[in-house]
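Observations on the model geometry
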Amino acid sequence: DASPATDRRCGLVAIVGKPNVGKSTLLNALVGQKISITSRKAQTTRHRITGIRTRPTPEGGPGAGTQFVFVDTPGFQTQHATALNRSLNKTVLGAVADVDLILFVVEAGRFTPADAKVLSLLAQNIPVLLIANKLDNIHRRADIAPWLAQMQAEHGGPQQARFAEFVPMSAKNAKDIERLFAICEKYLPQQDWWYDEDELTDRSEKFLASETVREKLFRLTGDELPYTSTVVIDKFEEEPPQRKGQKRLLRIAATIVVERDGHKAMVIGDKGERIKRIGTETRQELERLMDCKVFIELWVKVRSGWADDEARVKSFGYE
Ligand code: GDP
Ligand code: K
Ligand code: MG
């Protein structure tokens, strides 16, 4: 098995952009399974997440194909200079320093100063595709053509060629995802795969559990709860099935950390309704995702000022 794998390609593709343009949605669509949490709130993604997709190309012979290793990143924060935001920005720049291709995601029809700022931070020597996402929000195709032409004139000309290609698409459209694979493939070097064909992520189940609690928390609290809340997993234990046909059991205990007493009340909700719902939705999603049974216990703790405390930010698992 030491044969040279000239019929194989493999490489790193970073997904970059300001918050809420659809980076995590795109990653999940590319991987074919949900591994990165998404919500309407900025700062939903706080860690670098790797998603893997291996696509065999039978016409290239047995074993031929391409392995895409995608890196989803937190949206780059250009506003508040807290310890948490500094850590998030470091994660982004670290993730894109050493990749083969960058997917720079914006919302179709919009290129704001915040988008320009993120773009200006990317290394110049790596090819960048402009992903104009959420095309489904544009009701008439004719409405997007002038914007696209302007983007091509400003960022694709021979003078200041910034984008290698322009890809108007919707992360929610399966055909667009297929087309994106075909576009990305040629940027990856010919080399053997790094991961097994069926691996989807290099993040642990424990990590996915904490991310899922955080997603439900953000979705079920809407805009009332500031982003400065986080989740710490206190217990993550696995029990093998007791009988044939039974599934393994995960026992999880997690603490939601918030900044104020008022936020704690908000998370708990009237008669504990809301925290109960966060627990139920997390359990259902993890059971589906990991094909197991889940028991989950949730707690809420107040730690004021944690997002601006370097040591706390580290102790909660941020790099
Ligand atoms: P991120 O912050 O860039 O990772 O963005 P998310 O993936 O969390 O998505 C932010 C919001 O945009 C969510 O409500 C998504 O459902 C929505 N979204 C993402 N991609 C699309 C798309 O192609 N079309 C539409 N209409 N909404 C999208
Ligand atoms: K988001
Ligand atoms: Mg995200």
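Residues numbered from 1 in each chain as written. Chains lettered and ligands numbered in written order. Predicted model: local features only at pLDDT ≥ 70, side-chain atom pairs only at ≥ 80, totals over all residues. Heavy atoms only, no water.

**So, the sheet that holds strand β7 (residues 230-239)**
To keep it simple, the criterion reads: Should DSSP find at least two bridges between two strands, the strands are regarded as paired. Helix and strand definitions here come from DSSP, where helices need a minimum of 4 consecutive H or I residues and strands a minimum of 2 consecutive E residues; each element is numbered from the N-terminal end. All axes are obtained by fitting lines to C-alpha atoms, using only the stretch in contact for helices, and the reported angles, taken between N-to-C directions, cover 0 to 180 degrees. Contacts: residue pairs with any heavy atoms within 4.5 Å of one another.
The strand order β7-β8-β9 describes an open sheet built from three strands, whose pairing is mixed. On the outer flanks of this sheet lie β7 and β9 (293-302), each paired with one strand and no other. Adjacent strand axes in the sheet meet at a mean angle of 15°, parallel and antiparallel pairs treated alike. In this structure, strand β8 (residues 249-258) lies alongside β9, joined through ten bridges in parallel fashion. Across the sheet, the residue bridging to Ala-254 is Leu-298, located in β9. Along the sheet, helix α6 (residues 205-221) contacts β7, β8 and β9; its crossing angle with β7, the most-contacted strand, is approximately 135°. Strand contacts of helix α7 (residues 261-268): β8 and β9, with the helix running at about 155° to β9, the strand carrying the most contacts.

**Focus: the site of ligand 1**
Defined as follows: Whether a residue is near a molecule or strand is decided by its heavy atoms; if any one of them lies within 4 Å of it, the residue is near. Here a polar contact is taken to be a pair of N or O atoms separated by no more than 3.5 Å, where protein atoms must pair a possible hydrogen donor with a possible acceptor and residues adjacent in sequence count only if both atoms sit in side chains. Residue burial considers only the protein chains on display, and all accessible areas are found by Shrake-Rupley using a 1.4 Å probe.
By nearness alone, 17 residues border ligand 1, and Asn-20, Lys-23, Ser-24, Thr-25 and Asp-136 come closest of all. Within the backbone of Val-21, one N or O atom sits 3.2 Å away from an oxygen atom of ligand 1. A distance of 3.0 Å is found between an oxygen atom of ligand 1 and a backbone nitrogen or oxygen belonging to Ser-24. For ligand 1, whose accessible area on its own is 580 Å², the fraction buried by protein is 89%.

**Some points on unusual backbone geometry**
Peptide bonds are mostly trans, and most non-glycine residues show a negative phi. Quick reminder of the rule: Accessible area is worked out with a 1.4 Å probe on protein chains only. A residue is then buried under 20% of its type maximum, exposed over 50%, and partly exposed in between.
Here the phi dihedral of Asn-20 falls at roughly 75°; this positive angle occurs in a residue that is not glycine. Relative to the helices and strands, Asn-20 is located in the loop between β1 (8-16) and α1 (23-31). Looking at Asn-20, the relative accessible area reads 30%, which means it is partly exposed. Positive phi, normally seen in glycine, also occurs at Lys-271, with a value near 55°. Here Lys-271 lies in the loop between α7 and α8 (273-290).

**Focus on the nonpolar core**
In plain terms, the rule: Definition of nonpolar core: a set of buried residues of the types Ala, Val, Leu, Ile, Met, Phe, Trp, Tyr and Cys, connected through side-chain atoms within 4.5 Å.
With 27 residues, the main nonpolar core has Val-16, Ile-102, Phe-104, Leu-122, Leu-130, Trp-147 and Phe-163 as its most contacted residues. Elements represented by at least two residues in this core include exactly β1, β3 (65-72), α2 (83-96), β4 (101-107), α3 (113-120), β5 (128-133) and α4 (145-155). Setting aside anything within four residues of it in sequence, one finds Phe-104 in contact with Val-16, Gly-17, Phe-111, Asp-115, Val-118, Leu-119, Leu-122, Val-128, Leu-129, Leu-130, Ile-131 and Phe-163.

**Quick notes on the pairing of β4**
How we decide: Throughout, right-handed denotes a crossover for which the path from the first strand over the helix to the second runs clockwise when the strands point away from the viewer.
Burial of β4 is extensive: six of the seven residues sit out of reach of the surface. Bridge count between β1 and β4: four bridges; the pairing is parallel. Among the inter-strand pairings, Val-16 is bridged to a residue of β4, identified as Phe-104. In this fold, the crossover linking β4 to β5 by way of α3 has right-handed handedness.

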